[in-house]
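# Structural overview for review
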Amino acid sequence: SCESWCLVCYKMESLINEKKQLFPSVEITPSWKQFVVNELPLIIPCLVAITAAGIEGVPYPKIIFWVGVILLIILTYKLFYMLKIKYIITSQQIIYIHGVIGHTADYMELYRVVDYRQHSSPQQQIMGLKTITLYTGDRSSPVFNMIGIDRNFHIIEEIRERVEYNKQRKGIYEFTNR
């Protein structure tokens, strides 16, 4: 009957809203400081080339200047690429959006996450950043890195809760051989 159908729809809608409130979406973007960490080996020669081209007595000043300009264009593209990265963690997936001119969105189901790792290179430690690595059973991205995350942002606990919830929801159990 119509009344029982409406009751079923109401219960389903209630469950969906409860799940959304239980796990609201989280959007993370890498810090611009990660760009400095990644590209410092190119930033220094770029600045040196552009500066040296203006000094008298430097051989081939035009060539040095244009090498610096080309490096600057490459660095600008890489900066825009870094600034356009988004990690969206929903109740069931991690969505990785990237690209400058064209955008790509990669989806990874949370129930496929097997293990977690948090690490910082010495350069990241200086800048107050970390990288979170998720090891997954996903074929397209068995190792998924979330780079440039603020050191004080504790996201692994949030991801872990969502992973466990989704594994229970899907009836997935892990057996270990010890």
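For the structure, see preceding data.
The following refers to the structure shown. Not measured: the values here are computed from a predicted model. (Residues numbered from 1 in each chain as written. Predicted model: local features only at pLDDT ≥ 70, side-chain atom pairs only at ≥ 80, totals over all residues. Heavy atoms only, no water.)

## What about the overall build of the chain?
Summing up its helical and strand segments, the chain has five helices and seven strands in all. Put simply, the chain has 178 residues, and 32% of those count as buried. Nonlocal contacts in the chain, meaning residues at least 24 apart in sequence, comprise 50% of its contacts between residues at least 6 apart. Accessible area of the chain: about 12,100 Å², with a carbon and sulfur share of 60%. (Helix = DSSP H or I, 4+ residues; strand = E, 2+ residues; numbered from the N terminus. Buried < 20%, exposed > 50% of the residue type's maximum accessible area, 1.4 Å probe, protein only. Contact = heavy atoms within 4.5 Å. Areas by Shrake-Rupley, 256 points an atom, 1.4 Å probe, with all protein chains shown as cover.)

## What about helix α3 (residues 61-84)?
With 24 residues, α3 extends 35 Å from end C-alpha to end C-alpha; this agrees with the ideal 34 Å at 1.5 Å per step. Where α3 is buried, its residues contact α2 (32-52) and β7 (143-150). (Expected span 1.5 Å × (residues − 1).)

## Thoughts on the sheet that holds strand β5 (residues 113-119)
Spatial ordering of the open sheet is given by β5-β6-β7, a layout of three strands whose pairing is antiparallel. On the outer flanks of this sheet lie β5 and β7, each paired with one strand and no other. Along the sheet, successive strands turn relative to each other by an average axial angle of 20°, direction set aside. Note that β5 and strand β6 (residues 129-136) share six bridges and pair antiparallel. Across the sheet, the residue bridging to R117 is T133, located in β6. Set on the sheet, helix α5 (residues 156-170) makes contact with β5, β6 and β7; between it and β5 the angle comes to about 175°. (Pairing = 2+ DSSP bridges. Axes fitted to C-alpha atoms, helices over the stretch in contact; angles between N-to-C directions.)

## So, the pattern of salt bridges
Side chains that differ in sign of charge can pair as their charged atoms come close. Considering all chains together, one arrives at three salt bridges under this definition. E27 serves as the salt-bridge partner of K86, at 4.0 Å between the closest nitrogen and oxygen. Residue K86 is located in strand β2 (residues 86-89), and its partner E27 is located in strand β1 (residues 26-28); the two are separated by 59 residues in the primary sequence. The partner of E39 in a salt bridge is K78, with the nearest N and O atoms 3.5 Å apart. Of this pair, E39 sits in helix α2 while K78 sits in helix α3; the two residues are 39 residues apart in sequence, bridging distant segments of the chain. (Salt bridge = Lys/Arg side-chain N within 4 Å of Asp/Glu carboxyl O.)

## Concerning the environment of L40
By secondary structure assignment, the location of L40 is in helix α2. Considered as a pair, L40 and L75 are 35 residues apart in the sequence and their alpha carbons are 9.9 Å apart. For L40, the residues in contact, after removing those within four places along its chain, are F35 and P45.

## Some words on the pairing of β7
Of the strand pairs in this sheet, β6 and β7 are connected by six bridges, and their pairing is antiparallel. Across the sheet, K130 pairs through a bridge with I149, a residue of β7. Taken together, β6 and the strand that follows it, β7, pair antiparallel across an intervening segment of six residues.

## A short note on a positive patch on the surface
Taken together, the side chains of R112, R139, R169 and K170 present a region of like positive charge at the surface. When you line up the elements, R169 lands in helix α5. Using a relative accessible area of 37% as the deciding quantity, one classes R169 as partly exposed. (Patch = residues over 30% accessible without salt bridge, like charges linked within 9 Å, V, L, I, M, F, W, Y side chains within 5 Å. Lys, Arg positive; Asp, Glu negative; His and termini not counted. Charge placed at Lys NZ, Arg CZ, Asp CG, Glu CD.)

## Description of the environment of I73
Residue placement: I73 occurs in helix α3. I73 sits in the exposed class, given a relative accessible area of 56%.

## Considerations on the packing of aromatic side chains
The full count for this structure, using the stated rule, is six aromatic pairs. Note on Y87 and F144: the rings are 6.0 Å apart at their centroids and 90° apart in plane angle, and the pair reads as edge-to-face. With Y87 in strand β2 and F144 in strand β7, this residue pair connects regions lying 57 residues apart in the sequence. In terms of burial, Y87 and F144 fall into one category: buried. Three or more aromatic residues link up through ring pairs in this structure, and these residues are Y87, Y96 and F144. (Phe/Tyr/Trp six-rings, centres within 6.5 Å; stacked < 30°, edge-to-face > 60°.)

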